[in-house]
Amino acid sequence: MSRRHRFVVLGFGCCLQVIAAVAWHPAIAGDARRQQIGHAIAAAMEEHGVPGASLAIVNHGNIDWAEGYGRLAATGDDMVTSETLFQAASISKPVTAAGALSLVEVGKLDLDAKVNDLLKSWKIPDNATTKEHPIKLRHLLSHTAGLTVHGFPGYAQDASRPSLLEILDGKEPANTRAIQPHLKPGYRFLYSGGGYCVLQQLLLDTTESPFPQFMQTRVLAPLGMSHSTYEQPLPQTRAGQSAKGHREKKAVILGGCNVYPEMAAAGLWTTPGDLATFAIDLSKSFTGKGGKLLSQNTVRQMLTAEKGTYGLGLAVRGEGEALAFSHGGANEGYRCLMIAYPATGQGLAIMTNSDTGGAMFNDVVKLVGELYQWPKSKP
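Being a predicted model, the structure only gives us computed values, none of them experimental.

(A) Quick peek at the overall build of the chain. Of regular secondary structure, the chain possesses 15 helices and 8 strands. What you see for the chain is a C-alpha radius of gyration of 20 Å, in line with the 21 Å of a compact globule of 379 residues. Along the first, second and third principal axes, the C-alpha atoms of the chain reach 60 × 50 × 35 Å. Burial statistics for the chain: of 379 residues in total, 57% are counted as buried.

(B) Just the pattern of salt bridges, in detail. The final tally for this structure, using the stated rule, is 6 salt bridges. Put simply, R138 and D112 hold a salt bridge, and the shortest N to O gap is 2.9 Å. Separated by 26 residues along the polypeptide, R138 in helix α7 (residues 137–142) and D112 in the loop between α4 (92–105) and α5 (115–118) bring together distant segments of the chain. Measuring nitrogen to oxygen at the nearest pair gives 2.5 Å for the salt bridge that ties R247 to E332. Of this pair, R247 sits in the loop between α11 (236–239) and α12 (263–266) while E332 sits in the loop between β6 (324–329) and β7 (335–341); the two residues are 85 residues apart in sequence, bridging distant segments of the chain. By relative accessible area, R247 is classed as partly exposed at 31%. Since its relative accessible area comes to 10%, E332 is described here as buried. Connected through shared salt-bridge partners, R247, E332, R335 and D355 make up one network.

(C) Structural context of the side chain of D355. Along the polypeptide, D355 turns up in the loop between β8 (346–352) and α15 (361–371). A polar contact is formed between the side chain of D355 and the side chain of R247, at a distance of 3.4 Å. Reaching out from D355, the side chain makes a polar contact with the backbone nitrogen of G333 at a distance of 2.6 Å.

(D) Geometry of empty space enclosed by the protein. One pass over the structure, following the stated rule, counts 1 cavity of 30 Å³ or more. Here the largest cavity defines a volume of roughly 40 Å³. Every residue lining the largest cavity is listed: H139, L140, H143, T144, A145, G146, L147, L190, S192 and G195. Looking at side-chain class alone, the lining of the largest cavity contains 4 nonpolar, 6 polar and no charged residues.

(E) Representation of the packing of aromatic side chains within the structure. The full count for this structure, using the stated rule, is 6 aromatic pairs. Here the aromatic rings of F211 and Y230 are separated by 5.3 Å at their centres, their planes lie at 85°, and the arrangement is edge-to-face. Highlighted residues: F211 in helix α10 (residues 211–223) and Y230 in the loop between α10 and α11, separated in sequence by 19 residues. Using a relative accessible area of 3% as the deciding quantity, one classes F211 as buried.

(F) Structural context of unusual backbone geometry. Following E172, the chain continues into P173 via a peptide bond in cis, with omega recorded as 10°. Following the sequence through the fold, P173 ends up in the loop between α8 (164–169) and α9 (193–207). Unusually for a residue other than glycine, V149 sits at a positive phi of about 75°. Here V149 lies in the loop between α7 and α8. With a relative accessible area of 14%, V149 lands in the buried category.

Parameters at a glance
- Residues numbered from 1 in each chain as written.
- Predicted model: local features only at pLDDT ≥ 70, side-chain atom pairs only at ≥ 80, totals over all residues.
- Heavy atoms only, no water.
- Helix = DSSP H or I, 4+ residues; strand = E, 2+ residues; numbered from the N terminus.
- Rg over C-alpha atoms; globule rule 2.2 N^0.38 Å.
- Buried < 20%, exposed > 50% of the residue type's maximum accessible area, 1.4 Å probe, protein only.
- Salt bridge = Lys/Arg side-chain N within 4 Å of Asp/Glu carboxyl O.
- Polar contact = N/O pair within 3.5 Å; in protein donor to acceptor, adjacent residues only side chain to side chain.
- 1 Å grid on protein atoms, 1.4 Å probe; cavity = no way out; pocket = protein on both sides within 12 Å on 5 of 7 lines; lining within 4 Å.
- Points joined across faces, edges and corners; volume = space filled by probe spheres on them.
- Nonpolar A, V, L, I, M, F, W, Y, C, P; charged D, E, K, R; others polar.
- Phe/Tyr/Trp six-rings, centres within 6.5 Å; stacked < 30°, edge-to-face > 60°.

Have a look at this one:
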């Protein structure tokens, strides 16, 4: 996950080739809303220099439709489809949080246990504050642990990559500093990808399973997220299914993408459809309508803000019918966003293969919300 998170207003350029492809796609032509959204995305991609994007729309508790736009790489001919893989970046965190909470539900972890009592291979460095106010699992999930290291730039395909322990200690070849206490635990929200690296080590120590295998078993397979994996680097057998990351001016990242050994924080490869599936299941659990992964009580805890507007792995806002949960993502060369309204079973997931992709999101979300009549928060 890179350090850039702000999404700016959408501009409408004109890309005749992409717009024509959207307008005449037979699956789109019969749905005016889908066609209008497709036109807006194609225009925004041209305006902001985004080679490829993918979108899934949730309506009435189901995936209404999913569609890919543009190209896997600006210099190639292969087109993005609804099954194209993108780096989910920080949207890896709420999916990881769900995996951790699945262990809480079976009694293998405790939200309010001291993290250092659970860690075996490594310990969070103690200071006077943490000795009196220990860091708990709840703190890691809600970014209230007061830990350092906001995000991660990843590693080039041909670069030396650190172990998780080297990342935690900030030792070469790690390219980020050591993860250490900075603020009093529970004091306030302080976004920390470093905290999710601690969580990754905690899950490794607890289950003694490789992290991608743990997440496959506990979350991805049970939800049928068949296009998703936390494997880093992405296996060669799946590389042809992935969108290549791009800098500004459609410059492809060397090797196609960076590698993120910080898997819990930034390592998920997935599709908007799979993210929509995840959001739908949380929404069903929240409303008591049969979610598969977590209980209603657990999901309600996820969607209760601890500090600021962040719960256990997700940002939350609004209340009642207008309650929404969301998370954005920003790895090098990728930008993405997931948002859902549990009460109405609505939402979307959008993923792009460019550093400039976030510039599309505000107006795409606004347009989808208007066309599908999403709930509006009270002034």
